[in-house]
Amino acid sequence: MFWDPDYETIDRSELERIQLERLQQTVRRVATRVPFYKQKLAEAGVTPDDIRSLNDLRRLPFTTNADLRDNYPNGLLAVDLDNVVRLHTSSGTTGKPKAIFFSAGDINRAADLIARCFIMTGVRKGDVFQNMMTYGLFTGALVMHYGAEKVGCLVIPAGPGNSERQLLLMRDFRTTVIHLTPSYALYFAGFLGKNGVDPKRDLALRRAFVGAEPHTEETRRKIQESLGIEVYNSYGLSEMNGPGVAFECIHKTGMHLWEDHYLMEIVDPQTGEPLPEGATGELVLTTLTREAMPLLRYRTRDVTSVIPGKCPCGRTHRRINRITGRTDDMLIVRGVNIYPQQIERVLMSMPSLGHNYLITLSGLDEMTVKVELAETAFDGSVEHLVQLQNQIVEKLRAEILVKPKVELVQSGTLPVSEGKAKRVVDQRVL
Amino acid sequence: MNAIRLVAVFAENKPGQTARVTRILADARVNIRWTTIANSGSFGVLKFLVDNCDLACQRLREKGLMVSTLRALAVEVPDIPGTLNAVAESLAAEQINLDNTSGFVANNKAILIIETHDLERAKAVLEQKGWRVLSEPELLNI
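Criteria and cut-off values
- Residues numbered from 1 in each chain as written.
- Chains lettered and ligands numbered in written order.
- Predicted model: local features only at pLDDT ≥ 70, side-chain atom pairs only at ≥ 80, totals over all residues.
- Heavy atoms only, no water.
- Axes fitted to C-alpha atoms, helices over the stretch in contact; angles between N-to-C directions.
- Helix = DSSP H or I, 4+ residues; strand = E, 2+ residues; numbered from the N terminus.
- Parallel < 35°, antiparallel > 145°, perpendicular 65-115°, else oblique.
- Contact = heavy atoms within 4.5 Å.
- Nonpolar A, V, L, I, M, F, W, Y, C, P; charged D, E, K, R; others polar.
- Salt bridge = Lys/Arg side-chain N within 4 Å of Asp/Glu carboxyl O.
- Buried < 20%, exposed > 50% of the residue type's maximum accessible area, 1.4 Å probe, protein only.
- Pairing = 2+ DSSP bridges.
- Disulfide = S-S within 2.5 Å.
- Polar contact = N/O pair within 3.5 Å; in protein donor to acceptor, adjacent residues only side chain to side chain.

With that settled, consider the packing of helix α2 (residues 12-33) of chain A against helix α3 (residues 35-44) of chain A. Between two packed helices, what matters for the description is the angle formed by their axes and the separation of those axes. Residue and element names in this part refer to chain A. Relative to each other, α2 and α3 sit at 105°, their axes nearing to 5 Å. By the angle between their directions, the pair α2 and α3 is classed as roughly perpendicular. Taking contact as the criterion, the partners of Val27, Val30, Ala31 and Arg33 in α2 are, on α3, Pro35, Tyr37, Lys38 and Leu41. Class assignment of the residues belonging to the contact of α2 with α3 gives a composition of 6 nonpolar, no polar and 2 charged.

As a further point, take the pattern of salt bridges. A side chain with one charge may pair with a side chain of the opposite charge, provided their charged atoms come close. A complete count under the given rule lists 37 salt bridges over all chains for this structure. In this structure, Arg301 of chain A and Glu239 of chain A form a salt bridge, with 3.6 Å as the shortest nitrogen-oxygen distance. Placement of Arg301 of chain A in strand β12 (residues 298-304) and of Glu239 of chain A in the loop between β7 (230-237) and β8 (242-248) is noted, with a sequence separation of 62 residues between them. Like Arg301 of chain A, the residue Glu239 of chain A is buried in the burial classification. Of the charged contacts, one joins Arg132 of chain B and Glu76 of chain B as a salt bridge, the two residues approaching to 3.5 Å between their closest N and O atoms. Here Glu76 of chain B lies in strand β4 (residues 67-77) and Arg132 of chain B lies in strand β7 (residues 132-134), a separation of 56 residues in the sequence. On the basis of relative accessible area, Arg132 of chain B is assigned to the partly exposed category, the value being 42%.

So, on to the sheet that holds strand β5 (residues 177-180) of chain A. Residues and elements named next belong to chain A. Here we have 9 strands laid out as an open sheet, ordered β4-β3-β5-β6-β7-β8-β9-β14-β13, and mixed in their pairing. Each having just a single partner strand, β4 (154-156) and β13 (306-307) make up the two edges of the open sheet. Summarising the sheet, strand β3 (residues 128-131) and β4 pair through 3 bridges and their orientation is parallel. From the neighbouring strand, Phe129 faces β4, where its bridge partner is Val155. The strands touched by helix α5 (residues 104-120) within the sheet are β3, β6 (207-210), β8 and β9 (255-257), with β8 carrying the most contacts at an inclination of about 30°. Where helix α6 (residues 139-151) meets the sheet, its contacts fall on β3, β4, β5, β6 and β8, and the angle it forms with β8 comes to roughly 65°.

The omega torsion of the bond from Tyr72 of chain A to Pro73 of chain A falls at 5°, within 30 degrees of zero and hence cis. The residue Pro73 of chain A is located in the loop between α4 (65-70) and β1 (86-89) in this model. Positive phi values are uncommon outside glycine, yet Asn108 of chain B reaches one of about 65°. Mapped onto the secondary structure, Asn108 of chain B falls in the loop between β5 (100-106) and β6 (109-115).

All names here are of chain A. A sheet is described by the order of its strands in space; here 4 strands give the open sequence β10-β11-β12-β15, paired in antiparallel fashion. In the strand order of this sheet, the two ends are held by β10 (262-267) and β15 (325-326), each with one partner. In terms of strand pairing, β10 meets strand β11 (residues 281-287) through 6 bridges, oriented antiparallel. Counted as the bridge partner of Met264 is Leu285 from β11.

For the structure shown, the criterion picks out 0 disulfides over all chains. With no disulfide of its own, Cys313 of chain A has Cys311 of chain A as its nearest cysteine by sulfur position, at a separation of 3.6 Å. The cysteine Cys53 of chain B is free of any disulfide, with Cys57 of chain B supplying the nearest cysteine sulfur at 4.2 Å. Of the residues examined, Cys53 of chain B reaches a relative accessible area of 3% and is grouped as buried.

Glancing now at the environment of Asp127 of chain A. All names here are of chain A. Along the chain, Asp127 turns up in the loop between α5 and β3. Along the sequence, Asp127 and Leu154 sit 27 residues apart, while their C-alpha atoms lie 6.4 Å from each other. Excluding its chain neighbours within four sequence positions, the residues that come into contact with Asp127 are Gly122, Cys153, Leu154, Thr176 and Val177. Of note is the side chain of Asp127, whose polar atom sits 2.8 Å from the backbone nitrogen of Arg124.

This is the structure we're talking about:
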């Protein structure tokens, strides 16, 4: 079943025709209304009339994270402030935030894409949707909220944290769908266990949407098993309206990226050169339908690849692989490039380990991985713990080619975040 | 089977951990009759013989600690030279390996606490040699 069958199963050639038309409109609008882009296009020697095919996309300048900060607060607006109905800021961790503006039409379109995502995973009117993501300046919760209402779900705007209350709401209103970060999902599963709640027996949960943090297939498996539900991966970023940019269908073989609203490219993060289909690189997105704040070739810093071939669900929008890292999350330890997700994959594949971990870099390139033990893994024997520790060190070394120190800690002692989990602490003095 | 139960608690190897664990036991009015702490780098395992094993485990778990119970043998042996050697020789003769072992003397009685993978056989060997394997209540009443 589809939310918008005509567009979701659109013929590729028709899709490309629409993409070109929308790209041309977007370039024309920013060239006349956004001084920043006017100047950028002039520097690149491109005029709107030069965009005659989708191949001309690569002639356009990139927009970066830094451009958004430099143009804070409203340098990138393409409409009058009167026509803006919502402001979000991105979850930037340092310095100035990035302001993201929405017109009424932008909100409607973002919600419509979320509705596609919900229907695509089997959610229907009548489902009860508990939104356990942070409401507020962060786009994650509100955009999903609007989409869920569009589908006709009963929406519970629970926000994150306060697990006792989450459980109460879930029980009393028979919640069927939840939306939360993968780290909170793992924490919450542990919370249910400690409180003697068997989700399959005591709750009505059927699906979870997890996003806002890159995570691994092993993490998905752990969430699915511990909560007894189907977990779907959600991709989005505040700069592109938040969640709903790409989403998994029931086949869970990559996330369909809504190509009638976002034009995607995969580029080499170093050179910016577009890479052939299937290659892994940085995802670059151009908004095709955004009114308030169109962005050209935005460097997401998210690392992924396009999955070739058709999906059995019938949607013609191409799929991207789960995000394997961020170009700015990459750690360089003793000269080796390491993504935190590689470490997560190893840890999550070991049943003796819990859900939470923390990577600390200190001194001169010393890496310490703290990981929580699973409740069941402690049998009172120091020898067994030492064996487990050595096993983790070996597995990590095989994966990341650097030998880390591993510290086992008690479950529930590492900090749990309610927004984005902080997995890496870099205290190196280099 | 006259095995005694020891409470084992996981703890990170940093200041205050033993204090934290023992404070919970003290608050629960649990009496510690014997203890060892084994460290290995960043973590350690605290082991206790207590007068109320179930209560101790319950309270420690409630406070979020990782707890496990271990089974061990408590053997009363003569407090004279050569006893430990005699015990070790007799177990060795049966190819029984000692994992963690400790001993103390209380009220003129020498007690060995023996952890081994082969409790049943170890017990049979020790009793055959005439040493008494104490039950948990017997040990606690010394």
